[in-house]
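So the chains spell out like this:
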Amino acid sequence: MEFTHTTIAADVMRPRRNDPPLSVITQDCMTVEDIEMLLGQTAHNCFPVVVSRESQYLVGFVIRRDLNLALANARKNQEGVVSNSIVYFTDHVPAVAVVGGPTPLKLKKLLDFAPTTITDQTPMETVVDMFRKLGLRQTLVTHNGRLLGIITKKDVLRHVQQLENKDPSTVLFD
């Protein structure tokens, strides 16, 4: 009898064990400058938005292009929005934030509150199927609502090629 290991999402998602953590945006404690720096240091097309770095509880996700435009517009056209303005992806901005501080920037309207997510235990067979049928570019991986990682179309293609017994080293550099 042959034992075959069923690959699950946790085996394929990034970040891998020694990778830097996932680039995330918090819903109510990053400044305009923090987000601009994140955009400058990464090339991701979208970013998960979480309640806090500690909880990693997923709120939704935001597309890079929308974020870039919104930040540029706010700096140009919104009175009082400066580098240390806090960016809120929530309905409520605490009154304390407004008193004496810089004008907060509300970007809740940019959020996709229902991004495609799977759990870390989802079999890769199901994940591959979802990518094919739904034409996904990426899916977020969660465990009890907490963000663990991301699987992109490239990760799925690499996984499929490895299954087909192609040399994995050639897959990595295409």
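Refer to the structure printed above.
Residues numbered from 1 in each chain as written. Predicted model: local features only at pLDDT ≥ 70, side-chain atom pairs only at ≥ 80, totals over all residues. Heavy atoms only, no water.

**What about the pairing of strand β3 (residues 46–50)?**
This is how the line gets drawn: For every residue, the accessible area obtained with a 1.4 Å probe (protein chains only) is divided by the maximum for its type, and the residue is called buried under 20%, exposed over 50%, and partly exposed between those limits. Secondary structure follows DSSP: runs of H or I at least 4 residues long count as helices, runs of E at least 2 residues long count as strands, and numbering of each begins at the N terminus. Each pair of strands is called paired provided DSSP finds at least two bridges between the two strands.
Of all five residues in β3, five are buried, a share of seventy percent or more. Alignment of β3 against strand β4 (residues 58–63), held across five bridges, turns out to be antiparallel. Opposite Val 49, over in β4, you have Gly 60 as the bridge partner.

**Some details on the environment of Arg 158**
Among the structural elements, Arg 158 can be located in helix α6 (residues 153–163). Exposure remark for Arg 158: the relative accessible area of 13% places this residue in the buried category. Along the backbone, Arg 158 and Val 12 are 146 residues apart, and their C-alpha atoms lie at a distance of 9.3 Å.

**Comments concerning the sheet that holds strand β5 (residues 86–88)**
Taken together, three strands build an open sheet; the order of strands is β2-β5-β6 and the sheet is mixed. Of all the strands in the sheet, just β2 (30–31) and β6 (105–106) have a single pairing partner and so form its edges. Pairing geometry for β2 and β5, over two bridges, is antiparallel. Its bridge partner lying in β5, Met 30 is registered against Val 87.

**Re the pairing of strand β9 (residues 146–152)**
Bridge analysis of strand β8 (residues 138–143) against β9 gives six bridges, and the strand direction is antiparallel. Considered in β9, the bridge of His 143 is made with Arg 146. Connecting the antiparallel pair β8 and β9 is a turn made up of two residues, with Asn 144 showing a positive phi of about 50°.

**Focus on the sheet that holds strand β1 (residues 25–26)**
Cut-off, in case you're wondering: We call two residues in contact whenever any of their non-hydrogen atoms come within 4.5 Å of each other. Here the axes come from fitting lines to C-alpha atoms, over the contacting stretch only for helices, and the angles between their N-to-C directions go from 0 to 180 degrees.
Pairing is mixed across the open sheet formed by three strands, whose spatial order is β1-β3-β4. In this open sheet, the two strands that pair with only one neighbour each are β1 and β4. Where helix α3 (residues 64–77) meets the sheet, its contacts fall on β1, β3 and β4, and the angle it forms with β4 comes to roughly 75°.

**Here we look at the packing of helix α5 (residues 124–134) against α6**
As a reminder, the rule being used: By the definition adopted for this analysis, an angle is roughly parallel if under 35 degrees, roughly antiparallel if over 145, roughly perpendicular if from 65 to 115, and oblique otherwise. Left-handed describes a crossing whose near helix is turned anticlockwise from the far helix by less than a right angle; the clockwise case is right-handed. By the convention adopted, Pro, Cys, Tyr, Trp, Phe, Met, Ile, Leu, Val and Ala count as nonpolar, Lys, Arg, Asp and Glu as charged, and the other residues, Gly among them, as polar.
Here α5 crosses α6 at 125°, and the two axes come no closer than 11 Å. It follows from the interaxial angle that α5 and α6 lie oblique. Between α5 and α6 lies a crossing of left-handed hand. The segment α5 lies against α6, with Met 124, Val 127, Val 128, Phe 131 and Arg 132 engaging Lys 153, Val 156, His 159 and Val 160. Counted by class, the contact of α5 with α6 contains six nonpolar, one polar and two charged residues.

**As for α6**
Three or more residues of α6 are buried, namely Asp 155, Val 156, Arg 158, His 159 and Val 160. Phi for Asn 165, located one or two positions after α6, is positive at around 60°.

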